[in-house]
Amino acid sequence: MDREKFIEAKRIVIKLGTNVLRGDDGHVSLPRVFSFIEDISNLVHDGKEVIVITSGAVGLGKKRLGLDSTEGTALKQACAAIGQSKLMSIYETGFDTYGLVAAQILLTEDDFSIRTRYLSLRTTLNKLLELGVIPVINQNDTVSTIEIAPRYANMQVCFSDNDKLSALVASELDADLLIILSDVDGLFDKNPKTNPDAKIIREVPEVTDEIYALGTDASEGGRGGMRTKLKAARLVTRFGGKVLIANGKVPFIIKKIFNGEDYGTMFLPQNEGLSDKKRWIGYATNILGGIMVNSGAKKALINETKSLLPIGVVKIINEFNKGDVVSIVDENNEEFARGIVNYNSEACTKLVGSHSDNIMDILGFKNYDAIITRDNITIL
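We now turn to the structure provided with this report.

## Overview of the pairing of strand β12 (residues 335–340)
Phase 1: Among the six residues of β12, five are classified as buried, and the element is accordingly described as predominantly covered.
Phase 2: Pairing of strand β11 (residues 325–329) with β12 involves five bridges; the strand directions are antiparallel. Of the residues in β12, the one forming a bridge with S327 is R338.
Phase 3: As consecutive antiparallel partners, β11 and β12 are separated by five residues, and within that stretch N333 has a phi angle of approximately 65 degrees, a positive value.
Phase 4: In the sheet, β12 pairs with strand β13 (residues 377–379) via three bridges, with the strands oriented antiparallel. Looking across to β13, one finds that R338 is bridged to T378.

Here's what the structure looks like:
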């Protein structure tokens, strides 16, 4: 895709990672942060809507306390609590210099996983953008929303780092472009840190399994890494958005990107156009339980967009309630879809392998013929 066409965007999400916000001394680099603020302010004055996903709270808290390490969950949460106000003060002061207003938003898993909160968050963010405000979003590291109970032991949370958070926000707001600023130039055909001959990939038509395999884990100090960025790119491009991964340590990188200069790796949008509800089911919910299905049911779900009937179910995994989003796995325990269940786990266990005509006889009641109806299934 032509670079000029790629950067055409009205609504933009920009994710600033830990490693681009800090300098060589390991602390937050104020000159670099203010350069981001200047570039973003220019975009807003040009009529664009910009949402910022930022890291940096833990690092600022660590510096304020004079610590060498933030090992341990409690200490990390304490540093986040101390550093978040300082981090937001930097953004408020910076954007105020350009006559703009910043709004702080701290998010947890439940803000996406609980449908009513997800919709409320979307309404609020849209109103802030309508008012010309720049939402500055961070994961709320200070609190934990997952209860300490056996039921939650195997939960898959909807996000655990700001890469996935940025993708969820971009998805929720139908953003045209997600820019992830990292400490590498983009996606390479090999790991550039161990292969001097590695070449950057300038354009990715689709995030296939082969592309995903090129990702590496997080570097020291970060929680993401290229793998989480590729997951984010896969999600955003599925709903028709564009993604650019570039090196945030290049001076005034945001300005250069929107001047059409050839930085980073472009991930092109797909034509799939997942609906908002399908996106929420597939990517924005916490997963407590699962349903294992046979090969016939898997084929019907993927190739024929059928509902999941009891006869195709092999096993029920963990406990869940009616209306929960659950993981759908094959007989190799590989997840390939997610969906909203019409019955709780106890009822589903009784229905395993049964014909839909027998639901009333087995349960004494019948709400649906299907355990999950096709409109409530997202294929991953």
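## Looking at the sheet that holds strand β3 (residues 102–107)
Phase 1: With mixed pairing, the eight strands of this open sheet are ordered in space as β3-β4-β2-β1-β5-β7-β8-β6. Of all the strands in the sheet, just β3 and β6 (203–204) have a single pairing partner and so form its edges.
Phase 2: Here helix α3 (residues 30–45) sits on the sheet in contact with β1 (11–16), β2 (49–54), β4 (134–139) and β5 (177–182), set at roughly 155 degrees to β2.
Phase 3: Here helix α10 (residues 226–238) sits on the sheet and contacts β1, β5, β7 (242–247) and β8 (265–267); the angle it forms with β7, its principal contact strand, is near 155 degrees.

## Details of α3
Phase 1: Here α3 contains 16 residues, and its C-alpha end-to-end distance of 22 Å stays within 8% of the 22 Å for a straight helix at 1.5 Å per residue.
Phase 2: Every buried residue belonging to α3 is among R32, V33, S35, F36, I37, D39, I40, S41, L43 and V44, and all of these are buried.
Phase 3: Positive phi appears at G47, one or two residues downstream of α3, with a value of about 100 degrees.

## Notes on the packing of α3 against helix α5 (residues 73–97)
Phase 1: Between α3 and α5, whose axes approach to 9 Å, the crossing angle comes to 45 degrees. One element, α3, and the other, α5, form an angle in the oblique class. The handedness of the crossing between α3 and α5 comes out as right-handed. Along the contact surface, α3 presents L30, V33, F34, I37, I40 and S41, while α5 presents I90, Y91, G94 and F95.
Phase 2: Its residues placed into classes, the contact of α3 with α5 shows eight nonpolar, two polar and no charged.

## Some details on the nonpolar core
Phase 1: Counting 46 residues, the largest nonpolar core has V13, I51, F112, I137, V169 and F267 as the members making the most contacts within it.
Phase 2: Top contributing element to this core by residue count: α10, with six residues.
Phase 3: By size, the runner-up hydrophobic cluster in this structure holds 40 residues, among which are L16, I40, V52 and A102.

## Describing the side chain of D330
Phase 1: Note that D330 resides in the loop between β11 and β12.
Phase 2: Residue D330 is classed as buried on the basis of its relative accessible area, which comes to 8%.
Phase 3: Within the local environment of D330, its side chain forms a polar contact with the side chain of K298, the two groups lying 2.9 Å apart.
Phase 4: Leave out the neighbours within four places in its chain, and D330 touches M292, V293, K298 and F336.

## Topic: the sheet that holds β11
Phase 1: Pairing is mixed in the open sheet, where five strands are placed in the order β10-β9-β11-β12-β13. Of all strands in the sheet, those bounded by a partner on one side alone are β10 (313–317) and β13. Sheet twist, expressed as the mean angle between neighbouring strand axes with direction ignored, is 25 degrees.
Phase 2: Sheet topology note: the strand β9 (residues 290–293)/β11 ladder contains three bridges and is parallel.

## Looking at α10
Phase 1: For α10, which comprises 13 residues, the first-to-last C-alpha distance of 18 Å matches the rise-based estimate of 18 Å (1.5 Å per residue) to within 8%.
Phase 2: Judged by how many residues are buried, α10 sits mostly within the fold: ten of 13 residues are covered.
Phase 3: Regarding α10, the residues found buried are M226, T228, K229, L230, A232, A233, L235, V236, T237 and R238.

## Quick notes on the pairing of β7
Phase 1: Among the six residues in β7, six count as buried, and that is most of the element.
Phase 2: On β7, burial covers both faces: K242, L244 and A246 on one face and V243, I245 and N247 on the other are all buried.
Phase 3: Judged from the six bridges that link them, β5 and β7 form a sheet pairing that is parallel. Opposite L177, over in β7, you have K242 as the bridge partner.
Phase 4: Bridge count between β7 and β8: three bridges; the pairing is antiparallel. Note on β8: the bridge partner recorded for L244 is M266.

What counts, and at which threshold
Sequence order as written defines residue numbering, which begins from 1 separately in each chain. The predicted nature of this model means local features are confined to residues of pLDDT at least 70 and side-chain atom pairs, given and counted, to a pLDDT of 80 or more, with totals for whole chains, interfaces and linings taken over all residues. Excluding hydrogens and water, the side-chain values take into account all heavy atoms of the structure. Residue exposure (1.4 Å probe, protein chains only): buried if accessible area is under 20% of the type maximum, exposed if over 50%, otherwise partly exposed. The way it works is that DSSP assigns letters per residue, a run of H or I at least four long becomes a helix, a run of E at least two long becomes a strand, and they are numbered from the N terminus. Whether two strands pair depends on DSSP finding at least two bridges between them. Two residues form a contact once any of their heavy atoms are found within 4.5 Å. Only the stretch in contact is used when fitting a helix axis, every axis being a line fitted to C-alpha atoms; angles between N-to-C directions are given from 0 to 180 degrees. Multiplying 1.5 Å by the helix residue count minus one yields the expected span of that helix. Throughout, the term roughly parallel applies to angles under 35 degrees, roughly antiparallel to angles over 145, roughly perpendicular to angles from 65 to 115, and oblique to all others. By convention the crossing between two helices is left-handed if the near helix lies anticlockwise of the far one by an angle smaller than a right angle, and right-handed if it lies clockwise. Residue polarity follows a fixed list, in which Ala, Val, Leu, Ile, Met, Phe, Trp, Tyr, Cys and Pro are nonpolar, Asp, Glu, Lys and Arg are charged, and the others, Gly among them, are polar. Put simply, buried Ala, Val, Leu, Ile, Met, Phe, Trp, Tyr and Cys residues joined by side-chain atoms within 4.5 Å make one nonpolar core. Think of a polar contact as two N or O atoms within 3.5 Å of one another; within protein, one of them needs to be a possible hydrogen donor and the other a possible acceptor, and neighboring residues in sequence only count if both atoms come from side chains.

Remember, this is a structural readout, not a statement about activity or role.
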